[in-house]
Amino acid sequence: MLLHHATWPEVETYLKRCKGIVIPIGSTEQHGPNGLVGTDAICPEVIATEAGAEAGFLVGPTFNVGIAQHHLGFAGSMTLRPSTMIAVINDWTESLLRHGFKRIYFFNGHGGNITTISAAFAEFYAQWSLDAEPCPARLMQRNWWELPGVMDTCRTLFPVGEGSHATASEVSVTQYALPHAIKSVAMNPKIAPSGGFTDAADYRARFPDGRIGSDPSQATPEKGAQIVAIAKQALIADVADFFEIKPVAAASQ
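Values in this document were obtained by computation on a predicted structure and should not be read as measured data.

(A) The arrangement of helix α6 (residues 168–177) in detail. Here α6 lies mainly inside the structure; eight of its 10 residues are buried. Within the sequence span of α6, burial applies to Ala168, Ser169, Glu170, Val171, Ser172, Val173, Thr174 and Gln175. Structurally, α6 contributes buried residues whose contacts are with α2 (39–55), α5 (150–157) and α8 (221–243).

Following this line, the structure appears as structure tokens:
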């Protein structure tokens, strides 16, 4: 069940049986020569959508621009300031809380978001502590690649050239989700260099095509399907535990 595809009476009915919602959250940033700019938003979105359809939990709109200043040397990349992202996360959270949601699970697709999401949670909880009131809601973030079984699957599928940015696994997930958008690009070098960076200019100078340690030409939709299948079941279990309910069969939506 997708929030954007539901009516308000349907959301009210959902809230009678479940107070939880999953929010995919990612980024809009370059992912190398064959990776889509929306990769970090698409990955958690497709996994959450399939999991929600199977288990019957509500999936909110994807928070698709995050903390990506270091990618601004590449065309199409967008970013928020940390203070802006914290404010927006808290506005989303307050809106959902007003309607009776009490378990909000942020399903993350971008490592650069982790610290800022945590800071947003700290700010949300602070208002209740400062007012000496118990907080009526619980917040959680989980990175899709940290779900049980996902990294083992990725390492098995890509023992060489998985890398740390524009990875073969994440590109595979987007190819599974959007087969019409597959790009065939020769990688030069085959496996990109690894290392660190400082700002956007330094990133572009060290990693001219955007990849870090990866060979995403190995990506296929079939491998993406395997990764999504593992991640979907792990997400269903994780969400059920956090929502403190047993997910029910999805409605015909």
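That covers the picture; the talk isn't over yet.
(B) Spotlight on the side chain of Ser27. Tracing the backbone through its elements, the reader meets Ser27 in the loop between β1 (20–25) and α2. Reaching out from Ser27, the side chain makes a polar contact with the side chain of Glu29 at a distance of 2.7 Å. Setting aside residues up to four positions removed in sequence, Ser27 forms contacts with Val37, Gly38, Asp40, Ala41, Asn64, Val65, Gly66, Ala68 and His110.

(C) Representation of the packing of helix α3 (residues 82–99) against helix α4 (residues 114–130). Contact geometry of α3 with α4 gives a least axis separation of 9 Å together with a crossing angle of 55°. The angle between α3 and α4 falls in the class oblique. Note that α3 runs across α4; the crossing there is right-handed. For the pair α3 and α4, contact is made by Pro82, Met85, Ile86, Ile89, Asn90, Thr93, Glu94 and Leu97 and by Thr116, Ile117, Ala119, Ala120, Glu123, Phe124, Gln127 and Trp128, respectively. When its residues are assigned to classes, the contact of α3 with α4 shows 10 nonpolar, four polar and two charged.

(D) Up close: the packing of aromatic side chains. A full pass over the atoms with the stated rule returns 12 aromatic pairs. With centroids separated by 5.0 Å and ring planes inclined at 50°, the aromatic side chains of Phe63 and Trp92 adopt a geometry described as tilted. Highlighted residues: Phe63 in the loop between β2 (58–59) and α3 and Trp92 in helix α3, separated in sequence by 29 residues. Seen in terms of ring centroids, Tyr203 and Phe207 are 5.5 Å apart; in terms of plane orientation they differ by 65°. Their pairing is edge-to-face. Here Tyr203 matches Phe207 in class, with each residue buried. Members of the aromatic cluster, connected to one another through ring pairs, are Phe57, Tyr105, Phe107, Phe242 and Phe243.

Thresholds, definitions, all that
Residues numbered from 1 in each chain as written. Predicted model: local features only at pLDDT ≥ 70, side-chain atom pairs only at ≥ 80, totals over all residues. Heavy atoms only, no water. Buried < 20%, exposed > 50% of the residue type's maximum accessible area, 1.4 Å probe, protein only. Helix = DSSP H or I, 4+ residues; strand = E, 2+ residues; numbered from the N terminus. Contact = heavy atoms within 4.5 Å. Polar contact = N/O pair within 3.5 Å; in protein donor to acceptor, adjacent residues only side chain to side chain. Axes fitted to C-alpha atoms, helices over the stretch in contact; angles between N-to-C directions. Parallel < 35°, antiparallel > 145°, perpendicular 65-115°, else oblique. Left-handed = near helix turned anticlockwise from the far one by under 90°. Nonpolar A, V, L, I, M, F, W, Y, C, P; charged D, E, K, R; others polar. Phe/Tyr/Trp six-rings, centres within 6.5 Å; stacked < 30°, edge-to-face > 60°.

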